[in-house]
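# An overview of the molecular structure
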Amino acid sequence: MQPLVNIHSTFVPLSLENIDTDQIIPARFLKATTRDGFGKNLFRDWRYIDNDQTRPKTDFILNRPEYKGTILVAGKNFGCGSSREHAAWSILDYGFNVVVSSFFADIFKNNALNNGLLPVQVSDDFLQKIFSLDSTSTLTIDVDKQTIMIDATGEQETFDINNYKKTCLLNGYDDIDYLINIKDEIIAFEKNLVHNL
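Below, the structure is looked at part by part. Here the structure is a predicted model, which means the values were calculated and not measured.

## Some thoughts on the overall build of the protein chain
When helices and strands are tallied, the protein chain shows 8 helices and 7 strands. For the protein chain, the spread of C-alpha atoms along the three principal axes comes to 70 × 45 × 25 Å. In the protein chain, buried positions account for 42% of the 197 residues. Residue pairs at least 24 apart in sequence account for 62% of intrachain contacts in the protein chain once pairs closer than 6 positions are excluded. Put simply, the protein chain shows about 10,600 Å² of open surface, and 49% of that area lies on carbon and sulfur atoms. Distance from the positive charge centre (19 side chains) to the negative charge centre (27 side chains) of the protein chain: 5 Å.

## Thoughts on the packing of aromatic side chains
Remark: the centre distance and the inter-plane angle together describe each pair of aromatic rings, the angle taken between the planes. Under the counting rule described, the total for this entry stands at 8 aromatic pairs. Aromatic pair F78 and F104: ring centres 6.3 Å apart, planes at 85°, arrangement edge-to-face. Taken as a pair, F78 in the loop between strand 2 (71-74) and helix 3 (86-94) and F104 in the loop between strand 3 (98-101) and helix 4 (106-114) lie far apart in primary sequence, 26 residues in all. Residue class for F78 comes out buried when judged on its relative accessible area of 0%. A ring pair is formed by F78 and F108, whose centres lie 5.2 Å apart and whose planes are at 80°; its orientation type is edge-to-face. Separated by 30 residues along the polypeptide, F78 in the loop between strand 2 and helix 3 and F108 in helix 4 bring together distant segments of the chain.

## Overview of the environment of Y48
Within the secondary structure, Y48 is located in the loop between helix 2 (44-47) and strand 2. It is 9.2 Å that separates the C-alpha atoms of Y48 and N63, two residues lying 15 residues apart in sequence. Residues contacting Y48, with those up to four places away along its chain left out, are Q53, R55, P56 and K57.

## Some points on the pairing of strand 3
Strand residues, when the strand is regular, have side chains that alternate between the two faces of the sheet. Of the two faces of strand 3, the one lined by V98 and V100 and the one lined by V99 and S101 are each fully buried. Crossover strand 2 to strand 3 through helix 3 is right-handed. Bridge analysis of strand 3 against strand 4 (residues 118-121) gives 4 bridges, and the strand direction is parallel. Pairing of V99 across the sheet is with P119, part of strand 4.

## Side note on the pattern of salt bridges
Between side chains of opposite charge, a pair can form when the charged atoms approach closely. Counted under the stated rule, the structure contains 7 salt bridges. Taking the shortest distance from any N to any O, the salt bridge between K129 and E155 comes out at 2.7 Å. You can see K129 sitting in helix 5 (residues 124-131) and its partner E155 sitting in the loop between strand 6 (147-150) and strand 7 (156-158), a full 26 residues away along the chain. The partly exposed category is assigned to K129, whose relative accessible area is 36%. Judged by relative accessible area, E155 falls into the partly exposed class, the value being 30%. We note a salt bridge from D175 to K165, for which the minimum N-O separation is 3.3 Å. Taken together, the positions of D175 in helix 7 (residues 175-181) and K165 in helix 6 (residues 163-171) put the pair 10 residues apart, joining distant regions of the chain. Given a relative accessible area of 37%, D175 falls into the partly exposed group.

Analysis parameters
- One numbering rule holds for all chains: residues counted from 1, following each sequence as written.
- Reporting in this predicted model follows two pLDDT cut-offs: at least 70 for local features of residues, and 80 or more for side-chain atom pairs to be given and counted; totals over whole chains, interfaces and linings ignore these cut-offs and use all residues.
- Heavy atoms throughout the structure, all of them, feed into the side-chain values; hydrogens and water do not.
- Counting from the N terminus, the helices are the DSSP runs of H or I reaching at least four residues and the strands are the DSSP runs of E reaching at least two.
- Summary of the burial criterion: residues with accessible area below 20% of their type's maximum are buried, those above 50% are exposed, and those between are partly exposed, where the area comes from a 1.4 Å probe applied to protein chains only.
- Should any heavy atoms of two residues lie within 4.5 Å, those residues are considered in contact.
- All accessible-area figures derive from a Shrake-Rupley calculation using a 1.4 Å probe, and residue coverage is judged against the displayed protein chains alone.
- His is not counted, nor are the chain ends, whereas Lys and Arg count as positive and Asp and Glu as negative.
- For charged residues, the charge sits on one atom: NZ in Lys, CZ in Arg, CG in Asp, CD in Glu.
- Each Phe, Tyr or Trp ring, with Trp reduced to its six-membered ring, pairs with another whose centre is within 6.5 Å; inter-plane angles below 30 degrees give stacked pairs, above 60 give edge-to-face pairs, and intermediate values give tilted ones.
- Handedness is read with the strands pointing away from the viewer; a crossover is right-handed when the path from the first strand over the helix to the second is clockwise.
- Should DSSP find at least two bridges between two strands, the strands are taken to pair.
- Definition used for salt bridges: Asp or Glu carboxyl oxygen within 4 Å of a side-chain nitrogen of Lys or Arg.

Next comes the structure, spelled out in structure tokens:
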């Protein structure tokens, strides 16, 4: 995974609420055994009129060229529905590092953090301020300080993140990488434990 420290980017506003994991990545695309290639099917049924990706829906936000960036901003209750890690994979594979919402489903939030995707939960008021911005506006997210700022106004909020997952994000660790990084501490603990038996 790539370290996430400071993210400064324009964003893609998807102002719909209750976006479930089947809308994020439809179940018919869950047959792959690797994480690669899921981005092309992100929001597939919302992005295309037909099934072969030849007729994009021009009014859908991901198909509008003025909206781009590494931050997806979505309505309340993002990632609800069935538990599928593929939802986080598809968002990452599309090119987003961060999802901002005023509420995340717990399973999606954990899957996101386990895969290096940062879920930033903000207040409803702050979310509406972001949605009111234009396509050239940028956000800055400081993972270490746990802040998100609207660059044009300087308004910011803090967000919560588990300390362990924060360490993993800042260093680009998955769970195995983290254990390898503290291998010497684990060995010292085991030696001390055996010595004191």
